[in-house]
Amino acid sequence: MELKVTNEEKYSIIAPVTEKLDSTVSSMLKAEAVLLNGKGIKNLIINLGEVKYIDSSGLSSILVANRLCNASGGVLVLCHIQENPQKLISISQLDSILNIVPSEEEAIEYVYMDDIEKSLEE
């Protein structure tokens, strides 16, 4: 399997274990996001630490995961993005839509802070 999934109480972490997030892996990422969302997991962290290349299908799978999280009242956070994928995300102007932090620890904190903010708004 080219995805490592870690499930916690408030979130799941999906880490592609590959250098390329292209059509072969992106379909697995999208399927995993749909599966986790169907199980009631509304917060996802995608750790892109090993990914050096993303194509349009990879970006599409990230956007699907983002839409699923938002629709269920959760949040998607990307972390450990390497230089080339970061450039593509910036050029595509997706950095204004996606939640991006440097480390997995900060992504976890982001999930908890988002959860607290949403509970205060209710």
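Scroll up to find the structure.
What counts, and at which threshold
Residues numbered from 1 in each chain as written. Predicted model: local features only at pLDDT ≥ 70, side-chain atom pairs only at ≥ 80, totals over all residues. Heavy atoms only, no water. Axes fitted to C-alpha atoms, helices over the stretch in contact; angles between N-to-C directions. Helix = DSSP H or I, 4+ residues; strand = E, 2+ residues; numbered from the N terminus. Parallel < 35°, antiparallel > 145°, perpendicular 65-115°, else oblique. Contact = heavy atoms within 4.5 Å. Nonpolar A, V, L, I, M, F, W, Y, C, P; charged D, E, K, R; others polar. Core = buried A, V, L, I, M, F, W, Y, C linked by side-chain atoms within 4.5 Å. Buried < 20%, exposed > 50% of the residue type's maximum accessible area, 1.4 Å probe, protein only. Pairing = 2+ DSSP bridges.

A.B. asks: Report on the packing of helix α1 (residues 23-38) against helix α2 (residues 56-71), specifying residues and quantitative values.
C.D. replies: Where α1 meets α2, the axes come as close as 8 Å, and the angle between the chain directions of the two elements is 5 degrees. When the axis of α1 is compared with that of α2, the two are roughly parallel. For the pair α1 and α2, contact is made by Ser23, Ser26, Leu29, Lys30, Ala33, Val34 and Asn37 and by Ser57, Gly58, Ser60, Ser61, Ile62, Val64, Ala65, Leu68 and Cys69, respectively. Class assignment of the residues belonging to the contact of α1 with α2 gives a composition of eight nonpolar, seven polar and one charged.

A.B. asks: Tell me about the nonpolar core, and name the residues and values.
C.D. replies: When a protein is soluble and globular, its nonpolar side chains tend to lie buried together. Judged by nonpolar contacts, the single largest core of 23 residues is most densely connected at Leu21, Leu44, Ile46, Leu48, Ile62, Leu76 and Leu78. Listed by contribution, the elements that provide at least two residues to this core are α1, β4 (44-47), α2 and β6 (76-79). Sequence-distant contacts of Leu21, defined by excluding residues within four places in its chain, comprise Ser26, Leu29, Leu48, Val51, Tyr53, Ile54, Asp55, Gly58 and Ile62. Listed in part, the nine residues of the second largest apolar core include Ile13, Val77, Cys79 and Val111.

A.B. asks: For the sheet that holds strand β2 (residues 12-16), give the residues involved together with the corresponding values.
C.D. replies: Spatially, β1-β2-β4-β6-β7 is the arrangement adopted by the five strands of the open sheet, whose pairing is mixed. Looking along the sheet, the strands with just one partner apiece sit at the ends: β1 (3-7) and β7 (99-101). Ignoring which end each strand starts from, the neighbouring axes of this sheet average 20 degrees apart. With five bridges joining them, β1 and β2 adopt antiparallel strand pairing. If you follow Val5 over to β2, its bridge partner there is Ile14. Of the strands in this sheet, β1, β2 and β4 are in contact with α1, which crosses β1 at around 15 degrees. Contacting β2, β4, β6 and β7, helix α4 (residues 104-121) crosses the sheet at an angle of about 165 degrees to β6.

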